[in-house]
Amino acid sequence: MSNPSTTVTSKVVLITGASSGIGEATARTLAAAGHHVVLGARRTDRLTALATDIEARGGSALPLSLDVTDPAAARSFVAAAHDRYGRIDVLVNNAGVMPLSRLDSLRIDEWNHMIDVNLRGVLHGIAAVLPIMQAQRRGHIVNISSVSGLRVDPTAAVYSATKHAVRALSEGLRQESRELRVTVVSPGLTRSELTESIGDSGVKDAVRDQMGIAIPATAIGAAVRYAIDQPADVDVNELVVRPTAQE
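Residues numbered from 1 in each chain as written. Predicted model: local features only at pLDDT ≥ 70, side-chain atom pairs only at ≥ 80, totals over all residues. Heavy atoms only, no water.

Student: Explain the nonpolar core residue by residue, including any values.
Tutor: By size, the foremost hydrophobic cluster in this structure holds 40 residues, and its most contacted members are Leu14, Val38, Phe77, Val78, Ile126 and Met133. Mapped by element, the contributors of at least two residues to this core are β1 (12-16), β3 (60-65), α3 (71-85), α4 (108-136), α5 (157-176) and β6 (180-187). The element best represented in this core is α4, accounting for 11 residues. Non-local contacts of Val78, meaning those with residues more than four positions away in its chain, are made with Leu14, Ile88, Ala128, Val129 and Ile132. (Core = buried A, V, L, I, M, F, W, Y, C linked by side-chain atoms within 4.5 Å. Buried < 20%, exposed > 50% of the residue type's maximum accessible area, 1.4 Å probe, protein only. Helix = DSSP H or I, 4+ residues; strand = E, 2+ residues; numbered from the N terminus. Contact = heavy atoms within 4.5 Å.)

Set out below in structure tokens:
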């Protein structure tokens, strides 16, 4: 059953990886703008705390358990949101990991984990919402990529490969879908917990040394809000967020 408080201007927005970093900041930004946010992540304690805080501030939030590497979990996440609100306006595919390392370190389990979360996780989200959005004849998919999807740096070969792939599949979806809007947001280095997934201590220390120029996660949330609030005739296919002198 749809929620009677849901209006045309108040969109139902599903966010993966919403328990911290960019996902949390995006949820807070969109909820403050009057959108209904559906929060997905594995750390349900954090989601519950975030939803409670959002609602205490007058927003609308629904916390749901989600492992993006599991296609059945993605379908359940989307179905629960659709059952609650009666429609799905936006999916923000944000969940990601970044265990950077040189290729000759042969950290194969980490490579596979990046592929599972950063690429398959995006595909699972798309697969779960696409039938609903096609039936609605409208919808917006926002995929969080990275400037690493535009270039490749040492230690980031596999991470960059996953983010290049996200941009490629986003373009393919855009070309196939006349009724859906598809946006890629490509942040530069952002202050978040992503660096904690780096298992190579030397690489982790090097990335931490760069955090002084990192973008605040709220900047990415603002970019997502800009994208989903634009009218249909405004081009928001790709947004790149880089540090500015003020950040």
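Continuing now.
Student: A description of the pattern of salt bridges should follow, citing residues and the corresponding values.
Tutor: Any two side chains of opposite charge can pair if their charged atoms end up close together. This model, assessed by the stated rule, comprises 13 salt bridges. The salt bridge partner of Asp153 is Arg151, with a shortest N-O separation of 2.9 Å. Judged by its relative accessible area of 31%, Asp153 falls in the partly exposed class. A relative accessible area of 47% places Arg151 in the partly exposed class. (Salt bridge = Lys/Arg side-chain N within 4 Å of Asp/Glu carboxyl O.)

Student: With reference to specific residues and values, describe the packing of helix α1 (residues 21-32) against helix α2 (residues 44-56).
Tutor: Close contact between α1 and α2 brings their axes to 10 Å; oriented N to C, the two are set at 20°. Overall, the two elements α1 and α2 adopt an arrangement that is roughly parallel. Once α1 is placed against α2, the crossing between them reads as right-handed. Here α1 contributes Glu24, Ala27, Arg28 and Ala31 to the contact with α2, which in turn contributes Leu50, Asp53 and Ile54. Tallied by class, the residues present in the contact of α1 with α2 amount to four nonpolar, no polar and three charged. (Axes fitted to C-alpha atoms, helices over the stretch in contact; angles between N-to-C directions. Parallel < 35°, antiparallel > 145°, perpendicular 65-115°, else oblique. Left-handed = near helix turned anticlockwise from the far one by under 90°. Nonpolar A, V, L, I, M, F, W, Y, C, P; charged D, E, K, R; others polar.)

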